[in-house]
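# Geometric and topological summary
Chain residues, written in single-letter form:
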Amino acid sequence: MAQQHPDGESRVAVVTGAGSGIGAALAAALSSRGHRVVVSDIDAAAASSVAERVGGVAFACDVADPTHVAALHAFAVERFGGVDDLFNNAGVGSHGPLDRMTSDDWAWMLGVNLHGVINGITSFLPSLRGSARGGRIVNTCSMSAVAPVPGLGAYAAAKAGVLALSEVLAAEMADAPDGVAVSAVLAGPIRTNINTSARHRDANGTYALADAELRGPIVDHMIEPADAADRILRGVDAGQLYVVTHPELAFRPRERSDRILASFSSE
């Protein structure tokens, strides 16, 4: 069912990284609810294709560039008069050990995965706070933020930053009369093309991070993007700060948490 503004118009949602994967599935699910959706992606052709398929409008945007994100905000406001929901979903996920990381690797990984979220919040928060229906920010984190694994250190560092940022923003917004709802998506294995992110890198950079074929136990737990989008939106609708796509993987952050708590009690 479409969620309506008091004036009868449906909510406006902006989804970054919506040219494929989770973002495209979110755009489709939101559109099916009657939302007016801005489909944003660094790949202009992919954004246009998804927008045409779901009945949204496309806008090419590199979230690592604050001027691009400011332009995305201006486009949404000009087109629809405001924004109600921001899905900071864009992300990259190449692999590589930390001792081989270059400064270009760090700039790329943190630029998209962490600063992309920061740029979204900076540009969109004032409009979201003015939403008549109540603004919402949904930041795509990862299980890597709470259960990091070797080979994904840079990715985990960025996503841990997004999680902490989300937690603090949620606490600050809770005390504000015009605060927005904040959700952090702890996404588990989802069948997307994030492991082919290198195609979007600046060709002039020097990189050690590389795309890698996903294999092993992670593949056994993979779900489809549409299933992930459904779980995400149910959590967001319920007002959850932490939205989980894979409840069955709770043992991973629990083991880490147990080790941390044990350290506090040790002599």
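Residues numbered from 1 in each chain as written. Predicted model: local features only at pLDDT ≥ 70, side-chain atom pairs only at ≥ 80, totals over all residues. Heavy atoms only, no water.

### Considering the nonpolar core
Where we set the bar: Note on terminology: a nonpolar core comprises buried Ala, Val, Leu, Ile, Met, Phe, Trp, Tyr and Cys residues joined through side-chain atoms within 4.5 Å. Three exposure classes are used, based on accessible area relative to the maximum for each residue type with a 1.4 Å probe and protein chains only: buried under 20%, partly exposed in between, and exposed over 50%. Secondary structure elements are defined from DSSP: runs of H or I of at least 4 residues count as helices, runs of E of at least 2 residues count as strands, and each element is numbered from the N terminus. In this analysis, two residues are considered to be in contact whenever any of their non-hydrogen atoms come within 4.5 Å of each other.
Ranked by internal contacts, the top residues of the largest apolar core, which has 43 residues, are V14, V38 and F124. Among the elements of the structure, β1 (12-15), β3 (57-60), α3 (66-80), α4 (103-113), α5 (115-129), α6 (153-174) and β6 (181-186) are those that each provide at least two residues to this core. Here this core gets eight residues from one element, more than from any other, and that element is α6. Each residue touching F124, except ones within four places of it in the same chain, is listed here: V14, V69, L72, H73, V83 and L86. Of all hydrophobic cores here, the second largest spans 27 residues; its members include V15, I22, L30 and V243.

### Overview of the side chain of T245
Mapped onto the secondary structure, T245 falls in the loop between β7 (242-244) and α9 (251-265). By relative accessible area, T245 is classed as buried at 0%. Leave out the neighbours within four places in its chain, and T245 touches V185, L186, A187, G188, I190, I223, R231 and I232.

### A short note on the packing of aromatic side chains
Cut-off, in case you're wondering: Note on ring pairs: Phe, Tyr and Trp rings are taken, using the six-membered ring of Trp, and paired if centres are within 6.5 Å. Classes follow the plane angle, with under 30 degrees stacked, over 60 edge-to-face and the rest tilted.
Tallied over the full model, the rule gives one aromatic pair. Aromatic pair F59 and F75: ring centres 5.0 Å apart, planes at 35°, arrangement tilted. Placement of F59 in strand β3 and of F75 in helix α3 is noted, with a sequence separation of 16 residues between them.

### As for the confidence of the model for the protein
Short version of the rule: A score from 0 to 100, pLDDT tells how confident the predictor is in each residue.
For the protein, per-residue confidence averages 91 on the pLDDT scale, and 90% of positions sit at 70 or higher. Every residue in residues 1-8 scores below 50 in pLDDT, and together they form 23 contacts with partners more than four places removed in sequence or on other chains.

### Quick look at the pattern of salt bridges
The line we're drawing: What counts as a salt bridge is simple: a side-chain nitrogen of Lys or Arg found within 4 Å of a carboxyl oxygen of Asp or Glu.
Using the criterion set out here, one finds seven salt bridges in the structure. Here R11 and D85 are joined by a salt bridge, their closest N and O atoms 2.7 Å apart. With R11 in the segment before β1 and D85 in strand β4 (residues 85-88), this pair connects stretches of sequence that are 74 residues apart. According to the relative accessible area criterion, D85 is buried, its value standing at 0%. For E224, the salt bridge is made with R191, and the minimal N-O distance between the two is 2.5 Å. Of this pair, E224 sits in the loop between α7 (217-220) and α8 (225-237) while R191 sits in the loop between β6 and α7, and the two are 33 residues apart along the sequence. Here E224 falls in the partly exposed class, since its relative accessible area comes to 38%. The class for R191 is partly exposed, based on a relative accessible area of 40%.

### Points about helix α2 (residues 44-54)
What counts, and what does not: An arc is given here, and it is the one of the directions from the helix axis to the C-beta atoms. Pairs of N or O atoms are called polar contacts if they sit within 3.5 Å, as long as, within protein, a hydrogen donor faces a hydrogen acceptor (for residues adjacent in sequence, only side-chain-to-side-chain pairs).
Along α2, the residues classified as buried are A46, A47, V50, A51 and V54. The arc that holds the buried residues of α2, viewed along the axis, is 130°, so those residues lie on one side. In α2, the exposed residues that point more than 90 degrees away from the buried face are A45, E52 and R53. In this structure, the buried residues of α2 make contact with α1 (21-32), β2 (36-41) and β3. Capping the start of α2 is the job of one residue whose side-chain oxygen sits 3.1 Å from the backbone nitrogen of A45: D43. Directly after α2, the chain includes G55, whose backbone phi takes a positive value near 80°.

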